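Topology and contacts: notes
Each chain is listed here by its residues.
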Amino acid sequence: MSETRERNEPAAELAGAAEAYDREDELAAKRAEFVLDDGTVYLDGNSLGALPRSVPDRVADVVAREWGRLRIRSWSESGWWQAPERIGDRIAPLVGAAPGQIVVGDSTSVNVLKAVVGALRVVRAGSGADDRRRDGGEVLVDAGTFPTDGYIAESAARMTGARVRAVPADEMADAVGPNTAVALVNHVDYRTGELRDVAEVTEALHRTGGRVVWDVCHSAGALPVELDATGADFAVGCTYKYLNGGPGSPAFLYVRRELQHRFDSPLPGWNSHSEPFAMSADYVPAEGAPRGRVGTPDILSMLALEEALRVWDGVGIGAVRAKSLALSDFFLRCVRQYVPGAGGADGPVRSATPEEHARRGSQIALHCPDAADVTRELLDRGVVIDHRPPDTLRFGFTPLYTSFADVERAARTLGDVLRARRP
Ligand SMILES: *Cc1c(COP(=O)(O)O)cnc(C)c1O
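Residues numbered from 1 in each chain as written. Predicted model: local features only at pLDDT ≥ 70, side-chain atom pairs only at ≥ 80, totals over all residues. Heavy atoms only, no water.

**Describing the overall build of the chain**
As a reminder of what qualifies: Comment: elements are numbered from the N terminus, with helices defined as DSSP H or I runs of at least four residues and strands as E runs of at least two. Radius of gyration: over C-alpha atoms. The globule rule applied is 2.2 Å multiplied by the number of residues raised to the 0.38 power. Burial status follows relative accessibility: with a 1.4 Å probe on protein chains alone, a residue under 20% of its type maximum counts as buried, one over 50% as exposed, and anything between as partly exposed. Residue contacts are defined here by distance: any two heavy atoms, one from each residue, within 4.5 Å place the two residues in contact. Exposure was quantified through the Shrake-Rupley algorithm and a 1.4 Å probe, taking into account, for residues, occlusion by the shown protein chains and nothing else.
A count of helices and strands for the chain gives 12 helices and 15 strands. What you see for the chain is a C-alpha radius of gyration of 23 Å, in line with the 22 Å of a compact globule of 423 residues. Referenced to the eigenvectors of the C-alpha coordinate spread, the extents of the chain come out at roughly 80 × 60 × 35 Å. Put simply, the chain has 423 residues, and 55% of those count as buried. Residue pairs in contact within the chain that sit at least 24 positions apart in sequence constitute 71% of those at least 6 positions apart. Summing over all exposed atoms, the chain offers an accessible surface of approximately 17,800 Å²; the carbon and sulfur share of this is 52%.

**Here we look at a nonpolar patch on the surface**
Keep this limit in mind: Patch members must show over 30% relative accessible area and no salt bridge, and they are joined within 9 Å when carrying like charges or within 5 Å when they are nonpolar side chains of Val, Leu, Ile, Met, Phe, Trp or Tyr. Any carboxyl oxygen of Asp or Glu that lies within 4 Å of a side-chain nitrogen of Lys or Arg is treated as forming a salt bridge with it.
Together, Val63, Trp67 and Leu300 give the surface a local cluster of nonpolar side chains, amounting to about 280 Å² of exposed area. One can find Leu300 in helix α9 (residues 299-308). Given a relative accessible area of 41%, Leu300 falls into the partly exposed group.

**Let's talk about the site of the ligand**
Let me state the cut-off plainly: Whether a residue is near a molecule or strand is decided by its heavy atoms; if any one of them lies within 4 Å of it, the residue is near. Any N or O atom pair separated by 3.5 Å or less is treated as a polar contact, with the protein-specific requirement of one donor-capable and one acceptor-capable atom, and with residues adjacent in sequence counted only for side-chain atom pairs. Classification convention: Asp, Glu, Lys, Arg as charged; Ala, Val, Leu, Ile, Met, Phe, Trp, Tyr, Cys, Pro as nonpolar; all other residues, Gly among them, as polar.
Around the ligand lies a shell formed by Ser107, Thr108, Ser109, Phe146, Thr148, Asp149, Asn186, Asp215, Cys217, His218, Tyr240 and Lys241. Between the ligand and Thr108, the relevant distance is 3.4 Å, taken from an oxygen atom to a main-chain nitrogen or oxygen of the residue. Here a nitrogen atom of the ligand sits 2.9 Å away from a polar atom, N or O, in the side chain of Asp149. Surface burial for the ligand is 87%, taken as the share of its 390 Å² of free accessible area covered by protein chains. Mapped onto the shell around the ligand, the elements with two or more residues apiece are α5 (108-125) and α6 (147-160). Considered class by class, the residues forming the shell around the ligand number 3 nonpolar, 6 polar and 3 charged.

**Things to note about the domain arrangement of the chain**
Formally: Annotation comment: domain bounds sourced from an automatic or database domain assignment. Defined here as a combined quantity, buried area equals the accessible surface (1.4 Å probe) lost by two parts on assembly, summed across both.
Here the chain is described as being made up of domain 1 (11-53 + 315-421) and domain 2 (81-312). Between the C-alpha centres of domain 1 and domain 2 the distance comes to 30 Å. Each partner contributes to the interface: domain 1 provides 33 residues, whereas domain 2 provides 23 residues. Of the roughly 2,300 Å² buried between domain 1 and domain 2, counting both surfaces, carbon and sulfur atoms make up 59%.

**Overview of the packing of aromatic side chains**
The test is simple: Paired rings are identified among Phe, Tyr and Trp, the last through its six-membered ring, by centres lying within 6.5 Å, and are further divided according to the angle between planes into stacked (under 30 degrees), edge-to-face (over 60) and tilted (the rest). Geometrically, a lysine NZ or arginine CZ counts as sitting over a ring once it is within 6 Å of the ring centre and also within 35 degrees of the ring normal.
Per the stated rule, a full pass over the model turns up 13 aromatic pairs. Between Phe234 and Phe263 the ring centres are 5.7 Å apart and the planes differ by 65 degrees, which places this aromatic pair in the edge-to-face class. Pair noted here: Phe234 is in strand β9 (residues 234-237) and Phe263 is in the loop between β10 (252-255) and α9, with a separation of 29 residues, a long-range link. In this pair, the class of Phe234 matches that of Phe263, namely buried. Arg293 extends its terminal NZ or CZ atom over the ring of Trp81, reaching a point 4.6 Å from the ring centre.

**So, the sheet that holds strand β11 (residues 350-351)**
The cut-off we apply is this: Two strands make a pair as long as DSSP finds a minimum of two bridges between them. Helix axes are fitted to C-alpha atoms over the stretch in contact, other axes to C-alpha atoms as well, and angles between N-to-C directions run from 0 to 180 degrees.
In spatial order, the strands read β11-β12-β15-β14; together these 4 strands make up an open sheet with antiparallel pairing. Both outer strands of the open sheet, β11 and β14 (386-388), are each paired with one neighbouring strand and no more. Examined bridge by bridge, strand β12 (residues 363-367) and strand β15 (residues 392-396) share 5 bridges and lie antiparallel to one another. Counted as the bridge partner of His367 is Thr392 from β15. Packed on one face of the sheet, helix α10 (residues 317-338) meets β11, β12 and β15 and runs near 30 degrees to β12.

**So, the packing of α5 against α6**
Threshold: What sets the label is the angle itself: under 35 degrees gives roughly parallel, over 145 gives roughly antiparallel, 65 to 115 gives roughly perpendicular, and the rest give oblique. Each crossing is labelled by how the near helix is turned from the far one, with a counterclockwise turn of less than a right angle marking it left-handed and a clockwise turn marking it right-handed.
At a minimum axis separation of 9 Å, α5 and α6 run at an interaxial angle of 40 degrees. Judged by the inter-axis angle, α5 sits oblique to α6. As α5 runs across α6, the sense of the crossing is right-handed. Between α5 and α6, the contacting residues are Ser109, Val112, Leu113, Val116, Val117, Leu120 and Arg124 on the first element and Thr148, Asp149, Ile152, Ala156, Met159 and Thr160 on the second.

**Examining the sheet that holds β10**
Strand order in the open sheet formed by 7 strands is β4-β10-β9-β8-β7-β5-β6, with mixed pairing between adjacent strands. Among the strands making up the open sheet, the edge pair consists of β4 (102-104) and β6 (163-167). In this sheet, neighbouring strand axes are inclined to one another by 20 degrees on average, regardless of whether the strands run parallel or antiparallel. Alignment of β9 against β10, held across 4 bridges, turns out to be antiparallel. Bridge pairing links Ala235 to Tyr254 in β10. Each of β4 and β10 touches helix α4 (residues 83-91); the most contacted strand, β4, lies at about 120 degrees to it. In the packing of α5 onto the sheet, contacts are made with β5 (138-142), β7 (180-186), β8 (211-215), β9 and β10, and the angle to β9 comes to roughly 175 degrees.

**Overview of the packing of helix α2 (residues 55-67) against α9**
Think of two packed helices as two axes; the pair is described by the angle between the axes and how far apart they sit. Running from N to C, α2 and α9 cross one another at 140 degrees; their axes reach a closest spacing of 9 Å. One element, α2, and the other, α9, form an angle in the oblique class. As for the relative orientation of α2 and α9, their crossing is right-handed in sense. For the pair α2 and α9, the contacting residues are Val55, Arg58, Val59, Val62, Val63, Glu66 and Trp67 in the first and Leu300, Leu303, Ala304, Glu307 and Ala308 in the second. Classifying every residue of the contact of α2 with α9 gives 9 nonpolar, no polar and 3 charged.

Shown next as C-alpha cells:
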C-alpha cells in the first residue's frame, strides 16, 4: 500500500508538470499537422519521422495530375527538373546554409561517397609536391560512427590511395596531423545522442590544410546546425528522420560555396553536366549545387519531402532546440522518479547521453539490460522507441510533435515494464 502511494505521488506531480509544460509550449499547435494516434507515444522520429498531414494529397496530385496527365511536360511545367536544388534551398536555413549550396538526391550513403572523395580531391589538388597527402594521406573516421559512413569512407580511401584511421570522436581534433586529408564526423552520435563540437575538428583540419565532412543525419531538423558559420566544407544529411520526408526520402549534400568549383564528384552523372541535354560525349561539370547531382531524381519521394518541409513554415530552429532540451530534461527527471535504480552512475539503467546541454542531441539513450525485450514490451504498451546493440534504448524527441505528456508516459511505462520484469 505504502509502496503504491510512493509511486502515485510523483506520478500525479509529473503528470501535472507535463500538462503545464504542454500548455506553455509555443510549438504545441504543430502536432496537429502530423498524423499520429492518441493511444500511442511515438518516440522514434529519429529513425522515421511521422507523416505530415498534407503529404498524401500532394503525392496523389503528383501521381494523378503531374505524372498521369502532364506526363513528360512536368519536367519543366511542374518544376520537376529543378526540384533537387529548390528543395535544397528549403532545407538550407534549417542547417545554417545560405542558398545555392545544397542539392537533394540519392541516399546518405551515396552522398558520403561524393563528399569524402570530393574532399580528398580538393585537398590533393591543393597540396604541394612534398605533401604526403598528394597521393596518400589519411581519412579520420569516428570510431563509433554509423556503420555506413565507415564502410563508404573505407572504400573512398581505397579508390584514392588514402587510408582510414578510426579515432574516438572526442579525440578527433587532437588526432588531426599533417597527413590528415579529411575527417568524417557525425554531428550527433546515433547511438548515444551525444552532440559533438564539430567546429573544433573543422578548425584543426583547416590549420593543416585538411577538409571536413559533417554527417548531420541526427541534427538536421533537431537543433541548430551552423554549416556556413563554422566553416564546414562538405556535409551530408538525411531527410526521413527529423525532417519527416518519408521512408527512403532523398538525402542532401552541402558543398561550401568556395569549394563548389573545385568539387570533382566521383559520380559525375549526366544530371551534373553543365548542359545535360546537349548529350555531349565530353563531361563538363555544372557550376554550383547541381554539380552534386548524379542521375534522374526520384521525383515521387522528392516531392513528398518538399511537401513535408512545409511544416517548418514559420518555425525557428531556436525554438525547436529549446523545446528539445526541455523534453529531454523532463524525460530524465521522469526516469529518475519512475525507473527503479535509475539515476545512479552505475545502476542497471543509466543514461548514455551527456547531461550538459551543449553535448546533447535530441534523443536520450539509456543503457538497459535486455534492451530488445524491453523495447518490445514498451511497444505492447503503446510506447514506440527502438534499441541499438548491445544494450541501448533510444528515445527520440521530435519537438514539432512530441508532447511533454508523451515523455511522462514513456518514462512511466518504462518503469512499469522494468518492475514487471523484476518484481
Ligand atoms: C540514418 C543515418 C544514415 C542513413 O544512411 P542511408 O544511406 O539513408 O541509409 C547514415 N549515416 C548516419 C549517421 C545516419 O544517422
